[in-house]
Amino acid sequence: MEQVIIPTTDNSRQDKPVFSPALQKVAEVISYLSHPLFLPILVTVLLVNAMPEYFVLFKQESIRYPFDLLYIRVLFTTLFLPLFVVALCKALGFVTSFQLRSQKDRIIPYVACTTFYFWTYFAFKRQGVAPPFFNAFFLGVFIAIVIGMVANTYVKISMHTIGWGGVIGFLLMLMTGLNMNISLALMIAFLISGIVGTARLILGAHTPAEIYTGFILGILSQLIAYGIAG
């Protein structure tokens, strides 16, 4: 009897898509420009320019340019200090690369960022001159980092999409809490977030599940923060 071999398809084995070097380079540039460390100062600048009436007291504290002291405070605690910690960890051999690709590389930066962002929230809250939604934004960032740090023990989650999910959540918070018509800004945030998530997939830095989980955590963190401090 002739043996018949029936070919089978192994659906569990899927080849990863291969992208051109040029597209990967573009995705890499997008990843650098959209790094979550830039988001606090970006949101601060946009808020100050869109709603300066809420930040009048900060303008009075300016040294040379309007709101310059506010920008310096945000830059120092949310950008300079985290970058300094990452650079120090790289110099000491605690992390393998500045991209923090592995879960192990992210442990110390996560711990450092929780400290810096909570201090930023606490300092603005204690000063008592920042609008509540501004305080809630930094509290939401702190909550997102804490959740990301705990989750990093078990799974890898995209820090990029956590950050941009936080921007979306913050805009949703402004729409529902302050009844602001910022639908255009929200659509732009969704568009940029989609581009950022796609760039991370092209680079092979994350799986789709890690991308979507980051978005969800970022949005939920801002909504929780608004319920607490908004």
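Presented here is a report on the structure given in the accompanying data block. What you are looking at is a predicted structure, and each value in this text was computed from that prediction instead of being measured.

**A few points about a nonpolar patch on the surface**
Then comes step 1: A cluster of nonpolar side chains, contributed by Phe76, Phe80, Phe84, Leu88, Leu92, Phe94, Ile107, Ile108 and Val111, occupies part of the molecular surface with about 870 Å² of accessible area.
Then comes step 2: Those elements giving two or more residues to the nonpolar patch turn out to be helix 4 (68-92) and helix 5 (107-127).
Then comes step 3: With 5 residues, the single largest contributor to the nonpolar patch is helix 4.
Then comes step 4: Take Leu92: it is sitting in helix 4.

**Observations regarding helix 9 (residues 208-229)**
Then comes step 1: The end-to-end C-alpha distance of helix 9 is 32 Å, a good match for the 32 Å that 22 residues give at a rise of 1.5 Å each.
Then comes step 2: Restricting attention to buried positions, one finds in helix 9 the residues Glu210, Ile211, Gly214, Phe215, Leu217, Gly218, Ser221, Gln222, Ala225 and Ala229. Summarising the axial view, the buried residues of helix 9 lie within an arc of 165°, below the 170-degree limit, and thus occupy one face. In this structure, helix 9 carries Ala209, Tyr212, Ile216 and Gly227 as exposed residues pointing more than 90 degrees from its buried face.
Then comes step 3: Where helix 9 is buried, its residues contact helix 5, helix 6 (132-152), helix 7 (159-177) and helix 8 (183-202).

**As for the nonpolar core**
Then comes step 1: Ranked by internal contacts, the top residues of the largest apolar core, which has 52 residues, are Leu47, Phe55, Phe133, Phe134 and Leu174.
Then comes step 2: Contributing elements (two or more residues each) for this core: helix 2 (39-50), helix 4, helix 5, helix 6, helix 7, helix 8 and helix 9.
Then comes step 3: Looking at this core, the element that brings in the most residues is helix 6, giving 12 residues.
Then comes step 4: In this structure, Phe134 is in contact with Thr44, Leu47, Phe55, Leu70 and Phe124, ignoring residues within four places of it in sequence.
Then comes step 5: Counting residues in hydrophobic clusters, the runner-up holds 6 residues, among them Leu81, Cys89, Val95 and Phe116.

Rules behind the numbers
Residues numbered from 1 in each chain as written. Predicted model: local features only at pLDDT ≥ 70, side-chain atom pairs only at ≥ 80, totals over all residues. Heavy atoms only, no water. Patch = residues over 30% accessible without salt bridge, like charges linked within 9 Å, V, L, I, M, F, W, Y side chains within 5 Å. Areas by Shrake-Rupley, 256 points an atom, 1.4 Å probe, with all protein chains shown as cover. Salt bridge = Lys/Arg side-chain N within 4 Å of Asp/Glu carboxyl O. Helix = DSSP H or I, 4+ residues; strand = E, 2+ residues; numbered from the N terminus. Expected span 1.5 Å × (residues − 1). Buried < 20%, exposed > 50% of the residue type's maximum accessible area, 1.4 Å probe, protein only. Arc of directions from axis to C-beta. Contact = heavy atoms within 4.5 Å. Core = buried A, V, L, I, M, F, W, Y, C linked by side-chain atoms within 4.5 Å.

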